[in-house]
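For reference, the chains in residue letters:
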Amino acid sequence: MSLAEDRALLSARRWRGAFVILASAAVFTALAIAGALAVPYVVGGFAIVATAAILALRSPQERDRFSQPIASVETGDDLLRAVVAGLPDPVVALDRDGRVLAVNDRARRLAPALRQGEPVALALRTPELIEAIGRTAAEGEEQRVVYFERVPLDRWYETIVMPVKRTPGATRPDFVLMTFHDLTPLRRVEEMRADFVANASHELRTPLAALLGFIETLQGSAREDSKARARFLAIMQEQARRMARLIDDLLSLSRIELNAHRRPDTPVDLAPIIRQVADGLETLARDRGVAVNIDNANAMTVLGDHDELVRVFENLVENALKYGAAGRRVDIKLRQGSSAEGEPEAQVSVRDYGPGIAPEHLPRLTERFYRVDVTESRAQGGTGLGLALVKHILNRHRGRLTIESAPGAGAVFTVHLPTAVVAHPR
């Protein structure tokens, strides 16, 4: 409809409305003069007719807005829902009575029971959070709540309950905005750091206590006992070496983590590294009576740090020789494979035929200081950091480690590394 037509229609409505109002005024005035109706009824009737005439002047859309309560955030609106839906964090908007006005998909994943128009208390069963919502709605002050959930997984959240006021200086907010922040990664890092410090302190304290004890003994009762002195000095030397290995591993781990974001870009052939590692551990293999077999050690190039990759395979082969010695054989196999995404990768597997590892231990083997058997690990000279170093080195190389094992069936540790395409000069 054109602007001229709109104006003509509006003018006609106004004339019809004016005619209705004037006609009704004349009728009710005549009734009042004739005494047919009392004055209060005349006034009331005229008001009703005049209101109807005024409504007739409005378009259907205007009449709908007039007949409904004034729109507000308490009934929810499209703009509020659009804003909440576009926020990157889980967000819920509530009215002052705690009913859900708007909720985005991230918040629904956090609390699937959230429904628009329903009380938030039906979906969030955390008492301190419900209390914070009530205080914000009543007092108009921001509240922060940190809480912990155990179901379905252990997770920590911080919820900021923010009052939103349309009118500056208002005592009560028009609505309440809840924003959720997942603190789980930070809490887990804090726990890992605390565990790391505790474990490192414990691992250093044990050999240090042994050294101090033997030194005191040599300074006291064993001062003149040459046999005891020789035996104690051998033990002290082994404990000192253990401390040195632990410190070396801690420094290596720290250095690798510092450079975790820097992927090595030097082409490295894995075949010579594997042969170098096998040759370097030949003495240990002979002492344990274990044969090391290398299968298909053909050239295969990856982008990597030579020394770090040597460290990876040294740890894996040494573990196989120490903990799988009962099988009398360790197989190392290098082959070309592909990742789950179909990308080419080098796969190096180190297999032993020892007692194997129980399934419950497999997910935690690469954790720092985690040991299947603490006594056996210490007896073998382990620091509890070997597989953690392997994991972090492979992460830096954008690779991964997979472990397959079962009790009595040995273990297979497989390194997966993306292969490199090396341009050869023509």
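Residues take numbers from 1 onward in each chain, read along the sequence in its written order. In keeping with the model being predicted, local features are shown solely for residues with a pLDDT of at least 70 and side-chain atom pairs are shown and tallied solely at 80 or more, while totals for entire chains, interfaces and linings include all residues. To get the side-chain values, all heavy atoms of the structure are used, and hydrogens and water are removed first.

### What about the nonpolar core?
Next up, step 1: Core analysis: the largest hydrophobic core is formed by 48 residues, its most contacted members being Leu270, Leu316 and Val415.
Next up, step 2: Looking at this core, the elements with two or more residues in it are helix 8 (226-258), helix 9 (270-280), helix 10 (282-288), helix 11 (306-323), strand 9 (329-338), strand 10 (344-352), helix 13 (386-396) and strand 12 (411-418).
Next up, step 3: We count a stretch as a helix when DSSP gives it H or I for four or more residues in a row; a strand needs E for two or more, and each element gets its number in order from the N terminus. In terms of residue count, the dominant contributor to this core is helix 11 (eight residues).
Next up, step 4: Residues within four places of Leu316 in sequence aside, it is in contact with Val350, Leu387, Val390, Leu401, Phe413 and Val415.
Next up, step 5: Nine residue types can take part in a nonpolar core, namely buried Ala, Val, Leu, Ile, Met, Phe, Trp, Tyr and Cys, and a core is a set of them joined through side-chain atoms within 4.5 Å. For the exposure calls, accessible area comes from a 1.4 Å probe over protein chains only, and a residue counts as buried if that area is under 20% of its type's maximum, exposed if over 50%, partly exposed in between. Within the second largest apolar cluster, 21 residues are counted, among which are Val103, Ala107, Ala137 and Tyr147. Contact criterion: two residues are considered in contact whenever any of their non-hydrogen atoms come within 4.5 Å of each other.

### Details of the confidence of the model for the chain
Next up, step 1: On a scale of 0 to 100, pLDDT captures the predictor's confidence in every residue. With 78% of its residues at a pLDDT of 70 or more, the chain has an overall mean of 79.
Next up, step 2: The spread of mean pLDDT over the elements of the chain runs between helix 3 (residues 60-67), the lowest at 43, and strand 12, the highest at 94.
Next up, step 3: Confidence drops under pLDDT 50 across residues 46-52; counting only partners more than four residues distant or on other chains, this segment forms eight contacts.
Next up, step 4: Low pLDDT (under 50) marks residues 59-76, which in the prediction has 19 contacts with non-local residues, meaning those over four places away or in another chain.

### Comments concerning the pattern of salt bridges
Next up, step 1: Any Lys or Arg side-chain nitrogen located within 4 Å of an Asp or Glu carboxyl oxygen qualifies as a salt bridge. For the coordinates displayed, the defined rule picks out 16 salt bridges.
Next up, step 2: Between Glu158 and Arg144 there is a salt bridge, with its nearest N and O atoms 3.3 Å apart. Of this pair, Glu158 sits in strand 4 (residues 155-164) while Arg144 sits in strand 3 (residues 143-149), and the two are 14 residues apart along the sequence.
Next up, step 3: Given the relative accessible area of 19%, Glu158 is considered buried.
Next up, step 4: With relative accessibility at 53%, the residue Arg144 sits in the exposed group.
Next up, step 5: A salt bridge links Arg311 to Asp249, with the shortest nitrogen-to-oxygen separation between them at 2.5 Å. Highlighted residues: Arg311 in helix 11 and Asp249 in helix 8, separated in sequence by 62 residues.
Next up, step 6: Shared partners join several salt bridges into a network, and the residues in it are Asp95, Asp97 and Arg99.

### Side note on the pairing of strand 10
Next up, step 1: Most of strand 10 sits out of view: seven of its nine residues are buried.
Next up, step 2: Only strands that DSSP links by at least two bridges are regarded as paired with each other. Here nine bridges tie strand 9 to strand 10, and the two strands are oriented antiparallel to one another. The residue bridging Val330 from the neighbouring strand is Asp352, located in strand 10.
Next up, step 3: Counting the residues between successive antiparallel strands, the hairpin from strand 9 to strand 10 contains five residues, one of them, Gly342, with a positive phi of roughly 85°.
Next up, step 4: The pairing of strand 10 with strand 12 spans eight bridges and is classified as antiparallel. By the bridge assignment, Gln347 is partnered in strand 12 with His416.

### Quick word on helix 13
Next up, step 1: In terms of burial, helix 13 is largely enclosed, as nine of its 11 residues are buried.
Next up, step 2: Those residues of helix 13 lying buried are Gly386, Leu387, Ala388, Leu389, Val390, His392, Ile393, Leu394 and Arg396.
Next up, step 3: Buried-residue contacts for helix 13 involve helix 8, helix 11, strand 11 (400-405) and strand 12.

### As for a nonpolar patch on the surface
Next up, step 1: Residues enter patches when their relative accessible area tops 30% and they take part in no salt bridge; the joining distance is 9 Å for like charges and 5 Å for the nonpolar side chains Val, Leu, Ile, Met, Phe, Trp and Tyr. Under the convention used here, a 1.4 Å probe and the Shrake-Rupley method define accessible areas, while residue burial counts only the protein chains that appear. A contiguous nonpolar surface patch, about 240 Å² in accessible area, is contributed by Leu208, Leu212 and Ile215.
Next up, step 2: Secondary-structure assignment places Ile215 in helix 7 (residues 184-219).
Next up, step 3: The partly exposed category is assigned to Ile215, whose relative accessible area is 35%.

### A word on the packing of helix 8 against helix 13
For any two helices packed against each other, the geometry is given by the interaxial angle and the distance between the axes.
Next up, step 1: At a minimum axis distance of 10 Å, the contact between helix 8 and helix 13 shows a crossing angle of 20°. By the angle between their directions, the pair helix 8 and helix 13 is classed as roughly parallel. Of the two elements, helix 8 crosses helix 13, and the hand of that crossing is left-handed. Note on element contacts: helix 13 touches helix 8 through Ala388, Leu389, His392, Ile393 and Arg396, opposite Asp249, Ser252, Leu253, Ile256 and Glu257.
Next up, step 2: By residue class, the composition of the contact of helix 8 with helix 13 is five nonpolar, two polar and three charged. Structural elements are reduced to axes, namely lines fitted to C-alpha atoms, with helices fitted over the stretch in contact, and the angle between N-to-C directions of any two is expressed from 0 to 180 degrees. Here is the rule for angles: anything less than 35 degrees is roughly parallel, anything more than 145 is roughly antiparallel, 65 through 115 is roughly perpendicular, and the remaining ranges are oblique. By the definition used in this description, the sense in which the near helix is turned from the far one sets the handedness, with an anticlockwise turn below a right angle giving left-handed and a clockwise turn giving right-handed. Note that Gly is not counted as nonpolar here; it falls among the polar residues with everything else outside the nonpolar set of Ala, Val, Leu, Ile, Met, Phe, Trp, Tyr, Cys and Pro and the charged set of Asp, Glu, Lys and Arg.

### Some remarks on the sheet that holds strand 2 (residues 100-103)
Next up, step 1: Here five strands make up an open sheet; going across it, the order is 2-1-5-4-3 and the pairing antiparallel. A strand with exactly one partner marks an edge of an open sheet, and here the two such strands are strand 2 and strand 3. The sheet shows a mean angle of 20° between the axes of neighbouring strands, taken without regard to direction.
Next up, step 2: Where strand 3 and strand 4 come together, seven bridges link them in antiparallel fashion. Of the residues in strand 4, the one forming a bridge with Tyr147 is Tyr157.
Next up, step 3: Those strands touched by helix 4 (residues 78-86) are strand 1 (91-94), strand 2 and strand 5 (175-182), and its axis lies near 45° from that of strand 2.

### As for the packing of aromatic side chains
Next up, step 1: The criterion for an aromatic pair is that two Phe, Tyr or Trp rings (for Trp, the six-membered ring) have centres within 6.5 Å, with stacked assigned to planes under 30 degrees apart, edge-to-face to planes over 60 apart and tilted to the rest. Inspection of every chain in the model, using the stated rule, returns three aromatic pairs.
Next up, step 2: With centroids separated by 4.8 Å and ring planes inclined at 40°, the aromatic side chains of Phe148 and Trp156 adopt a geometry described as tilted.
Next up, step 3: A residue is classified by how much of its surface remains accessible, and Phe148, at 32% relative accessible area, is partly exposed.
Next up, step 4: The class for Trp156 is buried, based on a relative accessible area of 15%.
Next up, step 5: Taking the centre distance of 4.9 Å and the plane angle of 35° together, the rings of Phe214 and Phe232 count as tilted.

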